[in-house]
Amino acid sequence: MADLSALLDKEASAEIETVLSEAQARASEIVAQATSEAEALLASRRRAAEAQREATLVRARSAAQLEAASLRLKAQHAGVENVFTAARQKIVDLAKNPTEYAPVFAKLLKVALEGAGDQPLEAVVVNPADSELAAQALKEAGVTAPVETSEDVTAGVRLRTGNRSVIESTLLGRLEALQGELASEVSGALFGAKAS
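Because the structure is predicted, anything quoted here is derived from the model rather than measured.

What counts, and where the lines are drawn
Residues numbered from 1 in each chain as written. Predicted model: local features only at pLDDT ≥ 70, side-chain atom pairs only at ≥ 80, totals over all residues. Heavy atoms only, no water. Salt bridge = Lys/Arg side-chain N within 4 Å of Asp/Glu carboxyl O. Helix = DSSP H or I, 4+ residues; strand = E, 2+ residues; numbered from the N terminus. Buried < 20%, exposed > 50% of the residue type's maximum accessible area, 1.4 Å probe, protein only. Pairing = 2+ DSSP bridges.

**Side note on the pattern of salt bridges**
So, point 1. Within the structure shown, the criterion is met by 9 salt bridges.
So, point 2. In this structure, arginine 160 engages glutamate 122 in a salt bridge whose closest nitrogen and oxygen atoms are separated by 3.5 Å. Of this pair, arginine 160 sits in strand S3 (residues 156-161) while glutamate 122 sits in strand S1 (residues 121-126), placing them 38 residues apart in sequence.
So, point 3. Taking relative accessible area as the criterion, arginine 160 reaches 25% and is therefore assigned partly exposed.
So, point 4. For the salt bridge of aspartate 152 with arginine 158, the shortest nitrogen-to-oxygen distance reads 3.4 Å.
So, point 5. Taking relative accessible area as the criterion, arginine 158 reaches 16% and is therefore assigned buried.
So, point 6. Within the structure, one salt-bridge network assembled from shared partners comprises Glu122, Glu148, Arg160 and Arg164.

**Re the pairing of S3**
So, point 1. Within S3, 5 of the 6 residues are buried, leaving the element largely enclosed by the surrounding structure.
So, point 2. Here S1 pairs with S3 via 4 bridges, running antiparallel. Paired with valine 125 across the strands is arginine 158, a residue of S3.
So, point 3. Strand direction decides the pairing type here: S3 and strand S4 (residues 166-170), joined by 5 bridges, are antiparallel. Directly across from leucine 159, in S4, lies its bridge partner isoleucine 167.
So, point 4. In this structure, the hairpin formed by S3 and S4 is closed by a connection of 4 residues, where arginine 164 is found at a positive phi of approximately 70°.

Structure representation (structure tokens):
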């Protein structure tokens, strides 16, 4: 019986060792699978984080480029506006210098008279500072029409005809009329070929 007990103990020990060995092998498989899944999950999250980081960088770059383009356009617009403001001031200053302004005024009057054609003139309207200059220029042009003054006429002349049409020939009016066309040229001169 002692032999039987020893034999049973030996078989039980062998069975226990087999079960333990299988359990350890299975535990190793489970740990390896869990480690593999954890590494795959970690790699997936790294890829997702990297993709999100790249997308954020792309959005930030795009936003920065848009902001830079906006600032560049604002600077160009301000530069062009400054040129036109300076040009307006030069025109106002020219109108205050009788020696330089008289021949310019005569040309502006001539253009307005040509625009009126054969229409009878009701009045020649000029800035109050230009009334004597207008009277002299009309006399030299051989035109008889009353000279009226108005503060809203600067650096030029406005004709009112007998049929109620108005013909204006002023430097500021011409500048305003050409500003759209000249803006791209001014921008190109200020900022180079990239401005257009």
